[in-house]
Amino acid sequence: MMKKENVIKDKSYQFALDVIKLYLKLCEQKEFVLSKQLLRSGTSIGANVQEAQAAQSRKDFASKMAIASKEARETHYWLRLFRDSEICEEIDFSDTINNVAEIVKIITAIIKTTESK
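Since the model is a prediction, treat every value here as computed from it, not as a measurement. (Residues numbered from 1 in each chain as written. Predicted model: local features only at pLDDT ≥ 70, side-chain atom pairs only at ≥ 80, totals over all residues. Heavy atoms only, no water.)

### Comments concerning the overall build of the protein chain
- Within the protein chain, the regular secondary structure consists of four helices and zero strands.
- Mapped in sequence order, the helices and strands of the protein chain form the string α-α-α-α.
- A burial count over the protein chain gives 37% of its 117 residues as buried.
- Long-range pairs, those at least 24 residues apart, make up 73% of the contacts in the protein chain between residues at least 6 apart in sequence.
- Counting every atom, the protein chain has about 7500 Å² of accessible surface; 52% of that belongs to carbon and sulfur.
- Positive and negative side-chain charges of the protein chain, numbering 19 and 17 respectively, have mean locations separated by a distance of 9 Å. (Helix = DSSP H or I, 4+ residues; strand = E, 2+ residues; numbered from the N terminus. Buried < 20%, exposed > 50% of the residue type's maximum accessible area, 1.4 Å probe, protein only. Contact = heavy atoms within 4.5 Å. Areas by Shrake-Rupley, 256 points an atom, 1.4 Å probe, with all protein chains shown as cover. Lys, Arg positive; Asp, Glu negative; His and termini not counted. Charge placed at Lys NZ, Arg CZ, Asp CG, Glu CD.)

What follows is the structure, given as structure tokens:
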């Protein structure tokens, strides 16, 4: 039996792994404060998506996905702040910023579809 693909679950999990790697790079650059915020919000996206999979109702599912959306938007903010502040110039944040922007779009579409049913 083939397992049904869950794009947002897979993307948010891979994104969390990427954020962990980025966090470690930032720590190597002696950046500990903002990087911790990034780690928390960036790994929380997938955790909330995962939690939504066990939602008790459509409303509960939409609520959990809305939390994931907020975390993704916060992560986007921290990444842009890193990029624009140039405190870690050696690190290219563009792919990570693009990935989280895509995650925001997917989650937004999921929420709209869920709420319209």
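### Comments concerning the environment of Ser12
- Structurally, Ser12 is set in helix 1 (residues 7-28).
- As a C-alpha pair, Ser12 and Lys64 span 52 residues in sequence and 14 Å in three-dimensional space.
- Setting aside chain neighbours within four positions, we find Ser12 in contact with Ile45, Gly46, Val49 and Ile103.
- For Ser12, the side chain forms a polar contact with the main-chain oxygen of Ile8, separated by 2.7 Å. (Polar contact = N/O pair within 3.5 Å; in protein donor to acceptor, adjacent residues only side chain to side chain.)

### Regarding the nonpolar core
- In this structure, Leu26, Leu38, Leu79, Phe93 and Ile107 are the most contacted members of the largest nonpolar core, which totals 27 residues.
- Looking at this core, the elements that each hand over two or more residues are helix 1, helix 2 (33-52), helix 3 (58-85) and helix 4 (94-116).
- Those residues in contact with Phe93, other than ones at most four positions away along the chain, are Leu22, Leu26, Leu79, Phe82, Arg83 and Cys88. (Core = buried A, V, L, I, M, F, W, Y, C linked by side-chain atoms within 4.5 Å.)

Just geometry here; none of it tells us what the structure is for.
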